[in-house]
Amino acid sequence: MTNVIYPTTNFKATEQIVVERGEGVYVYDNHGKQYLEGLAGLWCTSLGYGNQELIDAATAQMGQLSYYHAFGGKTHPMMMALADKIRDMVPVDNAKIFFGNSGSDANDTFIKILRYYANATGRPEKRKIITRERGYHGVTVAAGALTSLPANLTHFDAPVEALGILRTDHPHYYKGRHPGESEEAFVDRIVGNLEKLILAEGADTIAAFLAEPITGASGVIVPPAGYYEKVQAVLNKHDIMFWADEVICGFGRTGNDFGCTTMNIENPALMTLAKQLSSAYVPISASVVRGDIYEALVEPVSEVGVFGHGYTYSGHPLGCAVALKTLEIYERDNIFEKAAKTGAYLQKKLAPFAEHPLVGEVRGRGLIAALELVSDKATGEGFPPSVAGFLTNACAEAGLIGRPVAGTAFALCPPLIITEAQIDELTDKLATG
Ligand code: PLP
C-alpha cells in the first residue's frame with residue numbers, strides 16, 4: 001500500500017488499478033491494459049480523455065491569468081462569460097450563478113442560501129429541507145447529511161437533525177412497491193407520504209425539497225411517469241422550493257440538456273451543477289439560483305448584511321475557462337442530440353440483459369443505466385453487496401469499468417462521446433463479465 005488515504009474506500013482495501021493515461025473513452029493502466037471507461041470516471045468525463053481544445057483552453061488561461069478571486073465584486077472575464085453561458089442553457093428563469101469547486105460544496109452553498117433566504121424574507125423558521133431515501137448529494141459535513149446512503153452517514157454522526165433535514169420515500173418502483181401495487185398507486189402513495197410529512201412538520205418550517213431528477217450514485221433510479229408532476233403540485237401548494245441536484249444528470253446525460261427536462265420538472269428554484277460542467281477536466285461547480293429567489297436575497301425585508309459565503313477558488317479562472325469551452329463544444333458539436341441517440345441505442349442494447357436469471361431489472365435513460373442483480377427474479381431478493389463487486393471486477397478483467405451502486409446494482413454511464421460501435425464493445429464486455 002502507498003501512503004494515500006483513498007476516498008470512499010474500505011481502509012483495508014488494496015490498490016486495484018493504477019490508471020496512467022486516457023484517450024477518448026478509454027483509459028490505460030500501468031501495464032498498458034486498455035479499459036473502456038463505462039462510468040465516465042465518476043459520472044463526469046463527458047467529452048472523454050485528451051480533448052485538445054480543453055487542454056488548449058486550460059493552457060491559454062494559465063498563461064493569461066492563473067488565479068484571481070471573486071470576493072467583494074472583483075471578477076474576471078471568464079467567470080462573467082461562464083455565468084452568462086450557464087444562464088442561457090439552464091431551464092431556470094433569470095438564473096444567477098454562484099461558483100464553487102465540487103458538487104458537495106455547491107450543495108452546502110444552497111443550505112446556506114436557504115437559511116439566508118429564510119432570514120431575508122422574514123420567515124426564519126422556514127428552513128428545513130426534505131431529501132429522499134437513497135439520495136446522494138455529497139459528503140461534506142452538511143451535504144453528507146443531505147445524502148441518505150448509510151455508508152455516508154454511519155460513523156460520522158451526521159448533523160441531520162441539527163440541519164433540519166427530513167427524509168421521504170425514494171421513487172424506485174421496483175424496490176419500493178407493495179405487492180400488487182400499480183405504478184400509479186405507488187406514485188400516489190409516496191407523494192401522499194410527502195404531503196403527510198409536510199403537514200406533520202408544518203409547511204411554514206420547510207424551505208425546499210431536494211432531488212436528483214434521476215438518482216445516480218444510489219442505483220440509477222428513474223421515477224415512474226407522473227411522479228414529478230405530482231410532487232411539484234404538492235410543493236407549489238405548500239410554497240416549498242424544488243431544488244434539483246443535476247450534478248450527474250446535467251448536460252446531456254439523460255437524453256436531454258438537463259434531467260429536469262427529461263423528467264418534466266419545471267423551472268426549479270435551485271439547481272446544482274458540477275461534474276460534466278467542465279467534463280471533469282478541472283474541478284468546478286455552480287449553484288444556480290432562480291431570479292425571483294435571488295431578488296429576495298438582494299432586497300431583504302430586514303437587514304441581514306453581507307452574504308458572508310465564498311471559497312478562495314470560487315470562480316477560479318482555470319475552471320471557468322475550461323467549463324466555458326466545454327459548454328461551447330456541447331453546443332457546437334450537438335453533443336446532447338448525439339448523446340440522446342447513442343443513449344437510446346445503449347438502452348436498447350442493455351434491455352436483453354433483463355432476461356438473464358440474475359438480473360431483476362434493467363433501468364436507465366439516455367447514457368445512464370443500471371442492472372439490478374437479484375438472487376430470485378420472482379421476489380426481487382437481492383444479493384449481498386459483494387456480488388455487484390464481483391461483477392465489477394469481472395468486467396474490469398474483460399476491459400470494462402463500471403461501478404457497483406446501492407449494494408445490489410451495477411451502473412454504467414459512459415462518456416457522452418461514446419459511439420454505437422463502442423457501445424457494442426461495452427455490452428460485449430458486460431456479457432463476458
Ligand atoms: N450530487 C450528486 C447528485 C452527485 O452524484 C455527487 C457526486 O457524485 C455530488 C452531489 C457530490 O459531488 P462532489 O463529489 O463533486 O462533491
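Model, not experiment: these values are computed from the prediction.

What counts and what doesn't
Residues numbered from 1 in each chain as written. Predicted model: local features only at pLDDT ≥ 70, side-chain atom pairs only at ≥ 80, totals over all residues. Pairing = 2+ DSSP bridges. Helix = DSSP H or I, 4+ residues; strand = E, 2+ residues; numbered from the N terminus. Contact = placed C-beta atoms within 7 Å. Axes fitted to C-alpha atoms, helices over the stretch in contact; angles between N-to-C directions. Domains from an automatic or database assignment. pLDDT = per-residue confidence, 0-100. Buried ≥ 20, exposed ≤ 12 C-beta atoms within 10 Å, placed from the backbone. Near = placed C-beta within 6 Å. Nonpolar A, V, L, I, M, F, W, Y, C, P; charged D, E, K, R; others polar.

Visitor: Break down the sheet that holds strand β1 (residues 19–23) for me, citing the residues and quoting the values.
Guide: One open sheet holds the 4 strands; their spatial order is β1-β2-β3-β14, and the pairing between them is mixed. If you trace the sheet from one side to the other, it starts and ends with β1 and β14 (400–401), each paired once. Examined bridge by bridge, strand β2 (residues 26–29) and strand β3 (residues 34–37) share 3 bridges and lie antiparallel to one another. In the strand pairing of β3, Tyr 26 is matched with Leu 36. The sheet strands contacting helix α15 (residues 420–432) are β3 and β14, and the helix crosses β3 at an angle near 105°.

Visitor: Can you break down the domain arrangement of the protein residue by residue, with the values?
Guide: The domain architecture assigned to the protein consists of domain 1 (19–51 + 334–432) and domain 2 (56–332). If you average the C-alpha positions of domain 1 and of domain 2, the two centres end up 26 Å apart. Opposite the 29 residues of domain 1 that make contact, domain 2 presents 25 residues. Listing elements by their share of the side of domain 1 that touches domain 2, those giving two or more residues are α1 (40–43), α13 (335–350), β11 (359–365), β12 (368–376) and β16 (409–412).

Visitor: Please provide a residue-by-residue account of the confidence of the model for the protein, values included.
Guide: Detailed reading of the predicted model is not advised wherever pLDDT is low. Chain-level pLDDT for the protein is 96 on average; 100% of the residues reach the 70-or-more range. Highest mean pLDDT in the protein belongs to strand β9 (residues 270–273) (99); lowest belongs to strand β13 (residues 381–382) (84). Reported confidences for the modelled complex are a pTM of 0.97 and an ipTM of 0.99.

Visitor: Quick rundown of the environment of Asn 256? Include the residues and the values.
Guide: Counting through the fold element by element, Asn 256 comes out in the loop between β8 (241–245) and α10 (259–262). Asn 256 sits in the buried class, given 22 other C-beta atoms within 10 Å. Sequence separation between Asn 256 and Ala 60 is 196 residues; the distance between their C-alpha atoms is 31 Å. Ignoring any residue separated from it by four or fewer positions in sequence, one finds Asn 256 in contact with Thr 261, Thr 262, Phe 336 and Ala 340.

Visitor: Quick one: what's the story with the site of the ligand, residue by residue and with numbers?
Guide: Neighbouring the ligand are 15 residues, the closest being Ser 102, Gly 103, Ser 104, Gly 138 and Val 247. Looking at the shell around the ligand element by element, the count peaks at 3 residues for helix α4 (residues 103–120). Taken together, the residues of the shell around the ligand break down into 6 nonpolar, 7 polar and 2 charged.

Visitor: Break down the pairing of strand β5 (residues 128–132) for me, citing the residues and quoting the values.
Guide: Within β5, 5 of the 5 residues are buried, which leaves it mostly tucked inside the rest of the structure. Of the two faces of β5, both are covered, the one formed by Lys 128, Ile 130 and Arg 132 as well as the one formed by Ile 129 and Thr 131. Bridge analysis of β5 against strand β6 (residues 165–168) gives 4 bridges, and the strand direction is parallel. Directly across from Arg 132, in β6, lies its bridge partner Thr 168.

Visitor: Any chance you could break down the sheet that holds β9 for me, citing the residues and the numbers?
Guide: The strand order across the open sheet formed by 7 strands is β4-β10-β9-β8-β7-β5-β6, and the pairing between neighbours is mixed. Each of the sheet's edge strands pairs with one partner strand only, and the pair in question is β4 (96–100) and β6. Taken pair by pair, the neighbouring strands of this sheet meet at an average axis angle of 20°, ignoring direction. Where β9 lies against strand β10 (residues 285–289), 4 bridges are found, and the strand directions are antiparallel. When the sheet's bridge partners are listed, Leu 270 is paired in β10 with Val 289. Contacting β4, β5, β7 (206–211), β8, β9 and β10, α4 crosses the sheet at an angle of about 25° to β10.

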